[in-house]
Amino acid sequence: MSEISHLPQIPPKIKEAINQKKLVIFLGAGASRLLGCKSWEQLGYELLDLCFKKEFINFKEKESLSKIKDNKKLISICYYLLEEKHKTGLFNETLCKALEGKSDSLEKQNIYAELKDFRAIFVTTNADKYLSEQFREKQIKYELQNFLPNEIDTENIYHIHGSQKKMESIIFTVDKYIERYNDKQFSEFIKKIFSEYTVLFIGYGLSEFELFDYIIQKAKVDGGTEIKHFVLMGFFAGEDNLVDYEQYYFNQLGIKVIPFAKDKNGYGQQFQIIQSWNKEIKQTSTVLSSTFDEITEAIKNG
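So, here's what we can say about the structure.

Analysis parameters
- Residues numbered from 1 in each chain as written.
- Predicted model: local features only at pLDDT ≥ 70, side-chain atom pairs only at ≥ 80, totals over all residues.
- Heavy atoms only, no water.
- Helix = DSSP H or I, 4+ residues; strand = E, 2+ residues; numbered from the N terminus.
- Expected span 1.5 Å × (residues − 1).
- Buried < 20%, exposed > 50% of the residue type's maximum accessible area, 1.4 Å probe, protein only.
- Arc of directions from axis to C-beta.
- Polar contact = N/O pair within 3.5 Å; in protein donor to acceptor, adjacent residues only side chain to side chain.
- Core = buried A, V, L, I, M, F, W, Y, C linked by side-chain atoms within 4.5 Å.
- Contact = heavy atoms within 4.5 Å.
- Phe/Tyr/Trp six-rings, centres within 6.5 Å; stacked < 30°, edge-to-face > 60°.

### What to know about helix 10 (residues 184-196)
For helix 10, spanning 13 residues, the distance from its first C-alpha to its last is 18 Å, which sits close to the expected 18 Å at 1.5 Å a residue. For helix 10, the full list of buried residues reads Phe 186, Ser 187, Phe 189, Ile 190, Ile 193 and Phe 194. The arc that holds every buried residue of helix 10, seen down its axis, measures 160°, which confines them to one face. With a side-chain oxygen positioned 3.1 Å from the backbone nitrogen of Gln 185, the residue opening helix 10 is Asp 183.

Below is the structure:
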């Protein structure tokens, strides 16, 4: 196996999908953490600590609840304590703070600013505002009625778990997850993306099973043999065997692992990779020339 690279090459199938306007970029919590936003795990512990400080739970209960590994479960419990039982209004306040990035990270490694030039369809399970800031208001979709399988648009951003632009749209409790993923229209929307588009996953881990379960289901329906989707994953130098193990798992889902070395910059290396890919796309992609033709045509038509 070749050495794990700090700057892996962009797969030809991704460049082909960009040219055909058939690339979907799925963005997970890891992408937002590059900007300084907190993870769902960090949010869960902050909410738990808040419940303890407000004396809604005792220390023994806090210690027991802190052992919960399912972020959705812990956040659901904290939501119940803070809002349904005591109606403090502190849940949304804490959630908003968790979605705030850090100015230094936004300035130096804004991965969203680089990704916007990929001319892809963006689908994200993140609720923060930073991806949306790169696009026009009418392109931002976060309501269930916007997830229409027959109207998927390469100009749009789909916040499938809601957006902080409308706090009540954000999905963070178990019942809301179940409701969303059992919705027929939403299921068809997800199924169409995985069957008709090339998908690049950025910022996802295997713990986010609500997403990967859908991929597994789709793989079973379609046979799951063709590699047409990709996931960017970080490894330390010398972890070649781990890459093999991960690839074995993802082979069953029709996903190719794109490994990168995280020794120097950690997961922040993803920004360097996307920046490098963006430069290559601008030099070689036919999308820019076709976009220029569209602009020229629009000007001619007044």
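Picking up after the structure, the text goes on.
### Examining the environment of Ile 77
Secondary-structure assignment places Ile 77 in helix 5 (residues 71-85). For Ile 77, a relative accessible area of 26% translates into the label partly exposed. Put simply, Ile 77 and Leu 48 are 29 residues apart on the chain and 8.8 Å apart in space, counted from C-alpha to C-alpha.

### Digging into the nonpolar core
Counting 34 residues, the largest nonpolar core has Leu 115 and Phe 118 as its most contacted members. Sorting the residues of this core by element identifies helix 1 (12-19), strand 1 (23-27), helix 8 (111-115), strand 5 (198-202), strand 6 (229-235), strand 7 (255-261) and helix 13 (269-284) as the ones contributing at least two each. Among the elements that take part in this core, helix 13 stands out by supplying 5 residues, more than any other. Apart from residues no more than four positions distant in its own chain, Phe 118 is found in contact with Ile 18, Leu 23, Ile 25, Ile 274, Trp 277, Asn 278 and Ile 281. Ranked by size, the runner-up nonpolar core spans 30 residues in total, among them Val 24, Ile 160, Ile 193 and Val 243.

### Description of the packing of aromatic side chains
Enumeration over the complete set of coordinates arrives at 17 aromatic pairs. Aromatic pair Tyr 79 and Phe 91: ring centres 5.0 Å apart, planes at 85°, arrangement edge-to-face. A residue pair is termed long-range when its members are at least 10 positions apart, and Tyr 79 in helix 5 and Phe 91 in helix 6 (residues 90-98) qualify at 12 residues. Relative accessible area serves as the criterion here: at 0%, Phe 91 is assigned to the buried category. A centroid spacing of 5.6 Å and a plane angle of 50° characterise the contact between Phe 122 and Phe 135, whose relative ring orientation is tilted.

### Describing unusual backbone geometry
Even without being glycine, Lys 21 reaches a positive phi, approximately 55°. Inspection of the secondary structure puts Lys 21 in the loop between helix 1 and strand 1. Look at Lys 21 and you get partly exposed, because its relative accessible area is 26%. Here the phi dihedral of Glu 55 falls at roughly 65°; this positive angle occurs in a residue that is not glycine. Its location among the elements puts Glu 55 in the loop between helix 3 (40-53) and helix 4 (59-65). We classify Glu 55 as exposed; its relative accessible area is 70%.

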